[in-house]
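Given next are the chains, with one letter for each unit.
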Amino acid sequence: LLSKFKTLVNQPLEAMTRHDIEIWRTQRLSAGISPGTVNRDIAELRAMLNRAVEWEFIKKNPIKHLKMLRHDGARIRHLNPEEERRLMETLSQRDIALKDARVTANRWREARGYSPLPDLTSVAFGDHLTPMVTLALNTGLRRGETFHLRWSDVDFQKAIITVSADHAKSGKKRHIPLNKTAHSCLTEWKAQSQTDELVFPSPITGKPMTNVQKAWSNVVNTASIEDFRWHDLRHTFASKLAMRGIDMNTIRDLLGHGDLSMTLRYAHLAPEHSARAVQLLDDE
């Protein structure tokens, strides 16, 4: 996080001015960072400075009234069926490689008298990545919502996930039904999980993860999928619903959008659905 603001962190908070932030923002844009990403950076910085005011480190937030950049935020990148097939095949091959590597590692440890690591040959996944991607593709969960998901939020009997208000971007709790793919994935992941709390704890700290970028980038590159971010798994979920004629209000509820305008970005993906609506006029 601090790498984004490295030109700002060497000065005291109380010395920071709006002019400093505008220079930093211009530098980010000149470096080729998109206006949308810069706006998200500004939002993060504004939140941190608001917290600094709350903790009385500074008297006021210098960018409280800084306007966001105007930009076309309608980027909708979703997987086509062939890309989705390649993604899931790459994840499957990755799981096989992780399991093979664990067998090799345990042979090495056994030969030297060390305790073996948990056996992966009898479980479904090599690690957390495949179930995380599968869940995102089938529920539209945001990355942060996935990181903070707890087993107590998963109702296997009713096949529903509850996203708590604390971790929802909208600040509102929502419920997402689990389809067969997501339900089966979570059932298999639960069977090999080492915890009854977080669904996807960090294998190092046991706390919520903060990043899966390295593993994710390797998978996307191996699958030859270009210009595809983790958040685009959520776009794929919504786009597939729109293309199947699901109404925008239902998609909005599933995604947890605060207003319908965000969801309407997917409306153009349902041309047949829109055409049927217009054709109703012929019946008059």
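Residues numbered from 1 in each chain as written. Predicted model: local features only at pLDDT ≥ 70, side-chain atom pairs only at ≥ 80, totals over all residues. Heavy atoms only, no water.

In terms of regular secondary structure, the chain is built from 11 helices and 3 strands. Mapped from its N terminus to its C terminus, the chain presents α and β elements in the order α-α-α-α-α-β-β-β-α-α-α-α-α-α. If one aligns the C-alpha atoms of the chain with their principal axes, the spans along those axes are about 70 × 60 × 35 Å. Here the chain holds 284 residues, and 38% of them are scored as buried. Long-range contacts, defined as pairs at least 24 residues apart, comprise 62% of the intrachain contacts of the chain with a sequence gap of at least 6. In the form shown here, the chain has an accessible surface area of approximately 17200 Å², with 53% of it arising from carbon and sulfur atoms. Charge-centre separation for the chain: the mean point of 42 positive side chains lies 5 Å from the mean point of 34 negative side chains. (Helix = DSSP H or I, 4+ residues; strand = E, 2+ residues; numbered from the N terminus. Buried < 20%, exposed > 50% of the residue type's maximum accessible area, 1.4 Å probe, protein only. Contact = heavy atoms within 4.5 Å. Areas by Shrake-Rupley, 256 points an atom, 1.4 Å probe, with all protein chains shown as cover. Lys, Arg positive; Asp, Glu negative; His and termini not counted. Charge placed at Lys NZ, Arg CZ, Asp CG, Glu CD.)

Further remarks concern the side chain of H235. With respect to the helices and strands, the residue H235 is situated in helix α8 (residues 231-243). Assessed through its relative accessible area of 2%, H235 is described here as buried. Side chain to side chain, H235 and Y266 meet in a polar contact 2.8 Å long. (Polar contact = N/O pair within 3.5 Å; in protein donor to acceptor, adjacent residues only side chain to side chain.)

The subject of this paragraph is the environment of C185. Among the structural elements, C185 can be located in helix α6 (residues 180-192). C-alpha separation for the pair C185 and P131, spaced 54 residues apart in sequence, amounts to 6.0 Å. The contacts of C185, once residues within four sequence positions are left out, are F125, P131 and T134.

Let us look at the sheet that holds strand β3 (residues 174-177). A sheet is described by the order of its strands in space; here 3 strands give the open sequence β1-β2-β3, paired in antiparallel fashion. Two strands lie at the open edges of the sheet, namely β1 (154-155) and β3, each paired on one side alone. By the bridge criterion, 2 bridges tie β1 to strand β2 (residues 160-163) in an arrangement that is antiparallel. Across the sheet, residue V154 finds its bridge partner in β2, namely I161. (Pairing = 2+ DSSP bridges.)

Unlike most non-glycine residues, E56 shows phi in positive territory, near 65°. Here E56 shows up in the loop between α2 (35-54) and α3 (81-111). The exposure class assigned to E56 is exposed, which follows from its relative accessible area of 71%. Unusually for a residue other than glycine, A159 sits at a positive phi of about 55°. With respect to the helices, strands and loops of the structure, A159 is situated in the loop between β1 and β2.

Moving on to the pairing of β2. In textbook terms, the turn of a hairpin is the stretch between consecutive antiparallel strands, and for β1 and β2 this stretch comprises 4 residues, one of which, A159, has a positive phi near 55°. Two strands pair when backbone bridges link them, and β2 and β3 are joined in this way by 4 bridges, in the antiparallel orientation. Its bridge partner being in β3, T162 is matched across the sheet by H175.

The next thing to look at is the environment of D119. Checked against the element boundaries, D119 lands in the loop between α3 and α4 (129-139). Along the chain, D119 and K99 lie 20 residues apart, while their C-alpha atoms are 8.1 Å from each other. A polar side-chain atom of D119 sits 2.7 Å from a polar atom in the side chain of T121.

With that settled, consider the confidence of the model for the chain. The predicted model of the chain averages 88 in pLDDT, with 92% of residues at 70 or higher. Mean pLDDT in the chain bottoms out at helix α11 (residues 271-279), which sits at 62, and peaks at α4, which reaches 98. (pLDDT = per-residue confidence, 0-100.)

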